[in-house]
Amino acid sequence: MHHKEKHAFEPKIIAFVCTWCTYAGADLAGTSRMQYPANVRVLKFPCTGRIDPVFILKAFQQGADGVLVSGCHPGDCHYIAGNFHARRRFAAFRKLLEFVGVDLGRLQFSWVSAAEGGKWVEMVTDLTERVRGMGPMREFKELGLEEQWSGAIDTPELREAYDSI
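For clarity, every value in this text was computed on a predicted model and none was experimentally measured.

Asker: What exactly am I supposed to notice about the overall build of the protein here?
Answerer: Across its full length, the protein carries six helices and four strands. The N-to-C order of helical and strand elements in the protein reads β-α-β-α-β-α-β-α-α-α. For the protein, the C-alpha atoms occupy an extent of roughly 60 × 45 × 25 Å along the three principal directions. Looking at the 165 residues of the protein, the share that counts as buried comes to 39%. When contacts within the protein are restricted to residue pairs at least 6 apart in sequence, those whose partners lie at least 24 apart make up 81%. Carbon and sulfur atoms make up 57% of the accessible area of the protein, which totals about 10,100 Å².

Asker: What's the story with the sheet that holds strand β1 (residues 13–18) in this structure? I'm lost.
Answerer: Hydrogen bonds along the backbone pair up the strands of a sheet, which may run parallel or antiparallel. Judged by pairing direction, the sheet is parallel, and its four strands sit side by side in the order β2-β1-β3-β4 without closing on themselves. This sheet does not close on itself; its edge strands, each paired only once, are β2 (40–45) and β4 (107–111). Across the sheet, the mean angle from the axis of one strand to that of its neighbour is 20°, orientation sign disregarded. Looking at chain direction, β1 and strand β3 (residues 66–71) are connected through five bridges and run parallel.

Asker: Can you help me understand the pairing of β3 in this one?
Answerer: Looking along a regular strand, one sees side chains alternate from face to face of the sheet. In terms of burial, β3 is a largely internal element, six of the six residues being buried. Pairing of β3 with β4 involves five bridges; the strand directions are parallel. Paired with Ser 70 across the two strands is Ser 110, which belongs to β4. Note that the unit made of β3, helix α3 (residues 82–99) and β4 has a crossover that is right-handed.

Asker: Teacher, can you tell me more about unusual backbone geometry here?
Answerer: Backbone geometry at Arg 33 places phi at a positive 60°, although glycine is not the residue there. Among the structural elements, Arg 33 can be located in the loop between α1 (22–31) and β2. If you check the backbone angles, Ile 80 has positive phi at about 70° while not being a glycine. Here Ile 80 falls in the exposed class, since its relative accessible area comes to 69%.

Asker: What's the story with α1 in this structure? I'm lost.
Answerer: Every α-helical turn comprises 3.6 residues, leaving residues that sit three or four positions apart pointing alike. Of all the residues in α1, the buried ones are Thr 22, Gly 25, Ala 26 and Ala 29. The arc that holds every buried residue of α1, seen down its axis, measures 100°, which confines them to one face. For α1, the elements touching its buried residues are β1, β3 and α4 (117–134). Once α1 finishes, Arg 33 follows within two positions and takes phi at roughly 60°, a positive value.

Thresholds, definitions, all that
Residues numbered from 1 in each chain as written. Predicted model: local features only at pLDDT ≥ 70, side-chain atom pairs only at ≥ 80, totals over all residues. Heavy atoms only, no water. Helix = DSSP H or I, 4+ residues; strand = E, 2+ residues; numbered from the N terminus. Buried < 20%, exposed > 50% of the residue type's maximum accessible area, 1.4 Å probe, protein only. Contact = heavy atoms within 4.5 Å. Areas by Shrake-Rupley, 256 points an atom, 1.4 Å probe, with all protein chains shown as cover. Pairing = 2+ DSSP bridges. Axes fitted to C-alpha atoms, helices over the stretch in contact; angles between N-to-C directions. Right-handed = clockwise from strand over helix to strand, strands pointing away. Arc of directions from axis to C-beta.

Note that every value here comes from positions in space, so none of it alone points to a role or purpose.
This is the structure:
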């Protein structure tokens, strides 16, 4: 009988993965009946090179406690150099996240091939445990609330400016 451990905090993890390698690796883990935390929501893209860093910020803003970006191993990209572009982009992006106060322990970049279902399970489990230990991420959620409020036209000056558009 399977025993599921209860925790006080269950983190939400968003995984941006490439279709060809990491998604196939996660699928292999599932078809092989490997167990991993159900905290991860997978969003697949054709290539990690197509994942805009703004998606990561938006994930945090919309309630993610951790984010994973994973694609093909260097040299195995189905689009030749997409993962190289992603690696360069995210190396710079990490510095920006650190600058705005995001704990980089909440973000993980990795390479998982279609044959590495076990690596997927290990990586997702480790990230979930690490983020669980860090607790909920509240900083960006508050920014999301501010963004919603900034859309309100609640002063005569704003109303006049809006109407003149």
